[in-house]
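Fold and geometry: a report
Here is how the chains run, residue by residue.
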Amino acid sequence: SILLNASILYAITYFLWPNSDKSLEAGIILGCDTCSYTSIEAIKTYILWGIILGVVNTVLRPILKILSLPLFFLFLGLVSFLINGIILYVFWYIMNDILMIPGVSYEIQGNLNFVIAVAIFTVLNTIYSLLPFKK
């Protein structure tokens, strides 16, 4: 579960990483200033993020699903996008404002990048929930 959460966060970072060839600015900024998204420091960060995201998912997702159950039927499941947005925001808040681990931070630049990150997170979380070897 930790490795799958870390992989999801890696995929979000991969898709929102700056691309100088296409003049795209950074959608996600890693905590280390000089590392790329594939460096050893970044991989250690993804593992730590996977642990924290796993805890946030375990604690918060069931509560949010129960609270949003009437809206889930009304909007035919699109509420899961909102739930994943809340989880990603809470994850960002914990990483940057509560834990404040030196050299480890997670920042999504701009609202459009946040929506793209939530969309990627939702698709990959849905695929993860359909895996047969998951408990």
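Each chain carries its own residue numbering, running from 1 in the direction its sequence is written. Owing to the predicted nature of the model, reporting of local features is limited to residues with pLDDT of at least 70; listing and counting of side-chain atom pairs is limited to 80 or more, with chain, interface and lining totals taken over all residues. Where side-chain values are given, they derive from all heavy atoms of the structure, hydrogens and water being excluded.

**Some thoughts on the confidence of the model for the protein chain**
Residues shown with low pLDDT carry predicted positions that ought not to be read at fine detail. The predictor's confidence in any single residue is recorded as pLDDT, a number from 0 to 100. The pLDDT averaged across the protein chain works out to 82; a share of 86% of its residues lies at or above 70. Model confidence for the protein chain, summarised as mean pLDDT per element, is weakest for strand β1 (residues 28–30) at 71 and strongest for helix α4 (residues 79–99) at 90. Think of it this way: any DSSP run of H or I at least four residues long counts as a helix, any run of E at least two long counts as a strand, and we number them from the N terminus.

**What about the packing of helix α1 (residues 2–16) against helix α5 (residues 111–129)?**
When two helices pack together, their arrangement is given by the angle between the helix axes and the distance between those axes. Lines fitted to C-alpha atoms define the axes here, with helix axes fitted over just the stretch in contact, and angles between the N-to-C directions of these axes take values from 0 to 180 degrees. Here α1 crosses α5 at 145°, and the two axes come no closer than 10 Å. Judged by the sense of rotation from one axis to the other, the crossing of α1 with α5 is right-handed. Each of Leu4, Ile8, Ala11, Ile12, Phe15 and Leu16 in α1 lies in contact with α5, whose residues at this interface are Asn113, Ile116, Ala117, Ile120, Phe121, Leu124, Asn125 and Tyr128. Each residue gets one of three labels, nonpolar for Ala, Val, Leu, Ile, Met, Phe, Trp, Tyr, Cys and Pro, charged for Asp, Glu, Lys and Arg, and polar for the others, Gly among them. Of the residues belonging to the contact of α1 with α5, the class tally is 12 nonpolar, two polar and no charged. Note: crossing handedness is left-handed where the near helix turns anticlockwise from the far helix by less than a right angle, and right-handed where it turns clockwise. The contact definition used throughout considers only heavy atoms, calling two residues in contact when any of these lie within 4.5 Å.

**Quick look at the nonpolar core**
In a soluble, globular protein the nonpolar side chains are often hidden away together inside. Side-chain atoms within 4.5 Å link the members of a nonpolar core, which is a set of buried Ala, Val, Leu, Ile, Met, Phe, Trp, Tyr and Cys residues. Buried means the residue's accessible area, taken with a 1.4 Å probe over protein chains only, is under 20% of the maximum for its type, while exposed means over 50%, and partly exposed covers the values in between. Counting residues in hydrophobic clusters, the biggest one holds 26 residues, and the most contacted among them are Ile12, Trp49, Leu88, Phe91 and Tyr106. Here the element with the most residues in this core is helix α2 (residues 40–67); it accounts for seven residues. Each residue touching leucine 88, except ones within four places of it in the same chain, is listed here: Tyr106, Ile108, Phe114, Ala117, Val118 and Phe121.

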